[in-house]
Amino acid sequence: MNSVQGNESLESIRSPGRALPGQVVLVLQGGGALGSYQAGVYQALHEAGIEPDWIIGTSIGAINASLIAGNVPQNRVLRLQEFWKRVEQRPIWSFPDAFAGINEMLSYWSTVANGIPGFFRPNPLAHAGADCPIGTDSAGYYSAEPLKQTLGELIDFDLVNNCRHCKLGVEHIMASGALPPAFPAVRIDGELYWDGGILSNTPTEAVFDDIPRRDSLIFSVNMWNPSGPEPTTMAEVFNRHKDVLYSSRIASQIAQQQKAHRLRHVINQLAARIPEAERNSAAVRELAGYGCSTQMHVVRLLAPQLDRENHTKDIDFSPARIRQRWNAGYAHTKAVLDRSPWVGEFDPLSGVIVHEQVEAMPAAAE
């Protein structure tokens, strides 16, 4: 996971007439090629005059986050477009009108055999044998050195490091996307790191647990569907398994946070009912400190299932799929902004308010 917080004032990012309930946070899930959906989400926010105060990303989410934070606002969409253009997979052979699914299959095998330009390339050493000692820097089927060069060309890390926690470099972004066994671990300050999605692929807890807590509008951008139809074929089993695995139990995590934050609001209201003479005692002040009155609105955006999509979707970097997902993220976010579900009266005891996506996008055609 990588986290970047900007130092822009809240007022500086608000578009005229648009009331937002607090700091704007983008939480970007990991998901490889599915991440172009996140780029579309950001484009819609940017065009609405909304820039994030805080971006938290895992894997491809960390890459998109660094492209946003590592550029001045007027260049952010351009840099996202440049990155996703560079990583397009264009197989040597293509059959636009042939059997359904053949182009997706060709794209998949082209990626497996050749890697992705500007992103990763095959590592021949990994095929020397499972027990061959090739070293920690090479213990992966692919090398991400091309990504290191790409990020270095597209990101200004002086801008990224408007960060209160630690100084971030390209190695932190690389580590967040080092998913084994595809990629080797990345060493930072003597420690080895793998992809943050192994621990938490949707790291919203970083916002919920932040101290001090702040009123927030959190756009949680998800690429893996936590619910879906019962699989009836082995291909559907593989696809459903991946969705469940990487959706990261986000629904149960948010439900737990809703309970915890409701209790904080209850403590806050109970403390207010204590007589003032007792309220000022050290013991009561300590206990009242567990309460708070902040409200966090979580807008959950979910990438659509595309036509003929299967379990290889996260390495489908074909131009058509990248464009479809980008357009879906853009359309979904514009519709959410039009609804502005965070505007209105809410239960004063609710600390975490979830707004589920109601916008539906049908499976897009090629």
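Keep in mind it's a predicted model, so treat the numbers as computed, not measured. Position numbers for residues start from 1 in each chain and track the written sequence from start to end. Local features in a predicted model are, by the rule used here, given only for residues with pLDDT of at least 70; side-chain atom pairs are given and counted only at 80 or more, and totals for whole chains, interfaces and linings are based on all residues. Just so you know, side-chain values use all the structure's heavy atoms and leave hydrogens and water out.

Draft legend 1. Expanded view of the overall build of the chain. Under the DSSP-based scheme used, a helix requires at least four consecutive residues in state H or I and a strand at least two consecutive residues in state E, with every element numbered from the N terminus. A tally of helices and strands in the chain yields 13 helices and ten strands. Here the chain holds 366 residues, and the buried ones make up 48% of them. When checking whether two residues touch, look at their non-hydrogen atoms; a contact exists if any pair is within 4.5 Å. Long-range pairs, those at least 24 residues apart, make up 75% of the contacts in the chain between residues at least 6 apart in sequence. Only the protein chains shown count as covering a residue, and every accessible area follows the Shrake-Rupley method with a 1.4 Å probe. On the chain, roughly 18000 Å² of surface is accessible, and the fraction owed to carbon and sulfur atoms is 57%. A simple rule labels every residue: compare its accessible area, found with a 1.4 Å probe on the protein chains alone, to the largest value its type can have, and call it buried under 20%, exposed over 50%, or partly exposed in between.

Draft legend 2. Fine view of the side chain of T204. In this structure, T204 sits in the loop between β7 (191–193) and α8 (205–208). T204 has contacts with V27, S220 and I250, leaving out every residue within four places of it along the chain.

Draft legend 3. Looking closely at the pattern of salt bridges. By convention in these notes, a salt bridge is any Lys or Arg side-chain nitrogen within 4 Å of a carboxyl oxygen on Asp or Glu. Counting across every chain of the model gives 13 salt bridges. Of the charged contacts, one joins K85 and E88 as a salt bridge, the two residues approaching to 3.7 Å between their closest N and O atoms.

Draft legend 4. Expanded view of the packing of helix α1 (residues 36–47) against helix α3 (residues 73–86). Fitting a line to C-alpha atoms yields each axis, with helices limited to the stretch in contact; the angle taken between N-to-C directions then spans 0 to 180 degrees. Following both chains from N to C, one finds α1 and α3 inclined at 160°, their axes separated by 10 Å at the closest point. Judged on the interaxial angle alone, α3 and α1 are roughly antiparallel. As α1 runs across α3, the sense of the crossing is left-handed. Between α1 and α3, the residues in contact are S36, A39, Y42, Q43 and H46 and P73, Q74, R76, V77, L80 and W84, respectively. Of the residues assigned to the contact of α1 with α3, the class counts are six nonpolar, four polar and one charged. When describing relative orientation, an angle under 35 degrees is termed roughly parallel and one over 145 degrees roughly antiparallel, while 65 to 115 degrees is termed roughly perpendicular and anything else oblique. Should the near helix be turned anticlockwise from the far one by less than a right angle, the crossing is left-handed, and should it be turned clockwise, the crossing is right-handed. Under the scheme applied, nonpolar residues are Ala, Val, Leu, Ile, Met, Phe, Trp, Tyr, Cys and Pro; charged residues are Asp, Glu, Lys and Arg; polar residues are all the others, including Gly.

Draft legend 5. Focus on helix α5 (residues 145–154). The set of residues buried in α5 consists of P146, L147, T150, L151 and L154. Down the axis of α5, the sector holding all buried residues measures 130°, keeping them to one side. Exposed and facing more than 90 degrees away from the buried side of α5 are Q149 and G152. The directions from the helix axis to the C-beta atoms are what the arc is built from.

Draft legend 6. View of unusual backbone geometry. The step from P180 to P181 runs through a cis peptide bond, and the omega angle for that step is 0°. Within the secondary structure layout, P181 lies in the loop between α7 (170–176) and β6 (186–188). Along the chain, I211 connects to P212 via a cis peptide bond; the corresponding omega equals -5°. With respect to the helices, strands and loops of the structure, P212 is situated in the loop between α8 and β8 (216–222). Of note in this structure, S59 is not a glycine but carries a positive phi near 60°.

Draft legend 7. Inspection of the side chain of D316 at higher detail. Tracing the backbone shows D316 in the loop between β9 (296–302) and α13 (319–339). Here D316 falls in the buried class, since its relative accessible area comes to 9%. Among the polar contacts made by the side chain of D316, one reaches the side chain of R321 at a distance of 3.4 Å. Excluding residues within four positions of it along the chain, D316 makes contact with A33, E104, S107, R321 and R325. In protein, a polar contact requires one atom able to donate a hydrogen and another able to accept it; more generally it is a pair of N or O atoms within 3.5 Å, and residues adjacent in sequence count only if both atoms are side-chain atoms.

Draft legend 8. How the structure looks around the pairing of β8. The element β8 is largely enclosed, with a buried count of seven among its seven residues. On β8, burial covers both faces: S216, I218, S220 and N222 on one face and L217, F219 and V221 on the other are all buried. Pairing geometry for strand β2 (residues 23–28) and β8, over six bridges, is parallel. Within the sheet, the bridge partner assigned to L26 lies in β8 and is F219. In this description, strands pair whenever DSSP reports at least two bridges between them. As defined by bridge partners, β8 adjoins β9 across seven bridges and the pair is classed as parallel. Within β9, the position partnered with I218 by the bridge is V298.

Draft legend 9. Broad picture of the packing of aromatic side chains. Any two of the Phe, Tyr and Trp rings considered here, Trp counted by its six-membered ring, make a pair once their centres fall within 6.5 Å; the pair's planes then place it as stacked at under 30 degrees, edge-to-face at over 60, or tilted in between. The final tally for this structure, using the stated rule, is eleven aromatic pairs. The interplanar angle of 90° and the centroid separation of 5.4 Å between the aromatic rings of F83 and W84 together place this pair among those described as edge-to-face. Take F83 and W84: they sit in the same class, and that class is buried. With 5.2 Å between their ring centres and 40° between their planes, W224 and Y246 make a pair best called tilted. Taken together, the residues W224 in the loop between β8 and α9 (234–246) and Y246 in helix α9 connect sequence positions 22 residues apart. Residue classification places W224 among the buried positions, given a relative accessible area of 2%.

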